[in-house]
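Listed below, chain by chain, are the residues.
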Amino acid sequence: KAQPGWVAVEEYLSNAVVRPNAALKHAVQSALDAGMPPIEVAPNAGKLLKMLVQLSGARRVLEVGTLAGFSAIWMAQGLPDDGRLVTCEYLPKHAEIARANVDMAGIGHKVDIRIGPALETLAALAEDPTRDGPFDFVFIDADKENDSNYLDWAIRLGRPGTVIVMDNVIWEGAILDPSMDEVNAPGIVGALEMMGKDPRLDATAIQTVGSKGWDGFAIARVV
Ligand code: SAM
């Protein structure tokens, strides 16, 4: 569904401006080699995550949905050396490849990959004394059905000022036609409605085109 012009422009921007390092390129290739779905964020979106981590001064990052660690590497590159990123993944094979990729990228000491259904991991994190304070930045990018549950956990595990980024909020326009995807679209719409109405959040949403087709992301701030 990605139009050739969108892909060509994204490649140009990636090479000219974004400039992912070798470890990031390797992470994408390792996922392809392992037969994993190519559903990581585009490089320009990964760089945006890194910059938002830096601009918000985050020291503790939470990610829901690891895949091969591509977005985790970007975000960890934006953290100070003593920063920490906890990322949730339920497939052991994905977690194993992500572990190798974050280590190869030289940021493995900042990254804690928790294997299991994210809702269980998040509930356990709420009780975990090693969590060491609230998360400053949360990236939600897993099963869209649970987007509003993840949003609620992000608020509960965060603090006023925590930045929450949610990926895939347009889903090729399925948010306006849930019959296009009866599983994921209602989950996304529920989270968008929550972002607009929940008094604990202030938010915006941006639609994008590129190698991942027509999609977008939302950014919320815990008030
Ligand atoms: N954030 C990654 C990146 O950009 O590099 C991409 C994440 S991919 C879109 C979603 C990941 O979430 C997959 O690896 C999938 O196995 C995992 N996942 C899906 N449902 C999950 C759940 N309920 N709990 C934990 N992980 C889940």
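Refer to the preceding data block for the structure.
So, here is what we can say about the structure in this document.

Each value, and the rule that gives it
Residues numbered from 1 in each chain as written. Predicted model: local features only at pLDDT ≥ 70, side-chain atom pairs only at ≥ 80, totals over all residues. Heavy atoms only, no water. Near = heavy atom within 4 Å. Polar contact = N/O pair within 3.5 Å; in protein donor to acceptor, adjacent residues only side chain to side chain. Nonpolar A, V, L, I, M, F, W, Y, C, P; charged D, E, K, R; others polar. Helix = DSSP H or I, 4+ residues; strand = E, 2+ residues; numbered from the N terminus. Contact = heavy atoms within 4.5 Å. Salt bridge = Lys/Arg side-chain N within 4 Å of Asp/Glu carboxyl O. Buried < 20%, exposed > 50% of the residue type's maximum accessible area, 1.4 Å probe, protein only.

Near the ligand you find 21 residues, and of these Ser-71, Glu-89, His-94, Ala-118 and Asp-141 are the closest. Here a nitrogen atom of the ligand sits 2.8 Å away from a polar atom, N or O, in the side chain of Ser-71. Between the ligand and Glu-89, the relevant distance is 2.5 Å, taken from an oxygen atom to a side-chain nitrogen or oxygen of the residue. Classifying every residue of the shell around the ligand by side-chain character gives 11 nonpolar, five polar and five charged.

Our focus in this paragraph is the environment of Asp-152. Summarising the element assignment, Asp-152 is placed in helix α7 (residues 147-156). Asp-152 sits 48 residues away from Arg-200 along the chain, and the two C-alpha atoms are 9.6 Å apart. Residues contacting Asp-152, with those up to four places away along its chain left out, are Met-194 and Arg-200.

What follows deals with the pattern of salt bridges. Counted under the stated rule, the structure contains 13 salt bridges. The closest approach of N and O atoms between Arg-59 and Asp-82, which form a salt bridge, is 2.7 Å. A residue pair is termed long-range when its members are at least 10 positions apart, and Arg-59 in the loop between α3 (43-55) and β1 (60-64) and Asp-82 in the loop between α4 (70-77) and β2 (84-89) qualify at 23 residues. Among the residues examined, Arg-59 registers a relative accessible area of 40% and is labelled partly exposed. On the basis of relative accessible area, Asp-82 is assigned to the exposed category, the value being 57%. With its nearest N and O atoms 3.0 Å apart, the salt bridge here joins Arg-114 to Asp-112. Through salt bridges with shared partners, a single network forms among Arg-84, Asp-112, Arg-114 and Asp-128.

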